[in-house]
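If you want the building blocks of each chain, they are given just below.
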Amino acid sequence: QVQLVESGGGLVQAGGSLRLSCAASVRTFSGLTMAWFRQAPGKDRSFVAAINWNTRYSLYADSVKGRFSVSGNNANNTTYLQMNNLKPEDTAVYYCAAERFSVPTMRERSYSYWGQGIQVTVSS
């Protein structure tokens, strides 16, 4: 029902910035929570950030607070993850996720819709 496609990944030096995009096949983000997760090689997928477009409530993992920010553009059905001051430990495949609930959660299995993931590599 909801298709998500990530873009904007790539290779960046430590301290640099990237902005990931998640294009959604949905008319509006109203009523949706959009989230970002990531998975490093050999590790489980972990929560990064989320936002609900009705309440504007956002949630961030402690590891990215102050460096990452999540936002959205309803005009083009796109949510963004702005990543600043990137560190090598941020290297992972990043996934966009969505669910129809008002309060963002860090729990992976709470989200029904997922993108295919996009690689972010931060060099030392």
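None of these values were measured; they are calculated from a predicted model.

1. Concerning the confidence of the model for the protein chain
And then number 1: Per-residue confidence for the protein chain gives a mean pLDDT of 93, with 100% of residues at or over 70.
And then number 2: When mean pLDDT is taken per element in the protein chain, strand β11 (residues 118-123) scores highest with 98 and strand β7 (residues 68-73) scores lowest with 92.

2. Here's the deal with the state of the cysteines
And then number 1: Tallying each qualifying case throughout the model produces one disulfide.
And then number 2: There is a disulfide in this structure between Cys22 and Cys96, and the S-S distance comes to 2.1 Å. Residues Cys22 and Cys96 are joined through a disulfide that is left-handed, its torsion about the S-S bond being -85°. Of this pair, Cys22 sits in strand β3 (residues 18-24) while Cys96 sits in strand β9 (residues 92-99), and the two are 74 residues apart along the sequence.

3. Focus on the side chain of Thr78
And then number 1: Tracing the backbone through its elements, the reader meets Thr78 in strand β8 (residues 78-83).
And then number 2: Within the local environment of Thr78, its side chain forms a polar contact with the backbone oxygen of Asn76, the two atoms lying 3.0 Å apart.

4. Quick word on the environment of Ser102
And then number 1: Tracing the chain through its elements places Ser102 in the loop between β9 and β10 (113-114).
And then number 2: Every residue in contact with Ser102, bar those within four places of it in the chain, is listed here: Thr33, Asn52 and Thr55.

5. Things to note about the environment of Cys96
And then number 1: The exposure class assigned to Cys96 is buried, which follows from its relative accessible area of 0%.
And then number 2: Not counting chain neighbours up to four residues away, the residues in contact with Cys96 comprise Leu4, Glu6, Cys22, Met34, Ala35, Trp36, Thr79, Tyr113, Trp114 and Gly115.

What counts, and where the lines are drawn
Residues numbered from 1 in each chain as written. Predicted model: local features only at pLDDT ≥ 70, side-chain atom pairs only at ≥ 80, totals over all residues. Heavy atoms only, no water. pLDDT = per-residue confidence, 0-100. Helix = DSSP H or I, 4+ residues; strand = E, 2+ residues; numbered from the N terminus. Disulfide = S-S within 2.5 Å. Polar contact = N/O pair within 3.5 Å; in protein donor to acceptor, adjacent residues only side chain to side chain. Contact = heavy atoms within 4.5 Å. Buried < 20%, exposed > 50% of the residue type's maximum accessible area, 1.4 Å probe, protein only.

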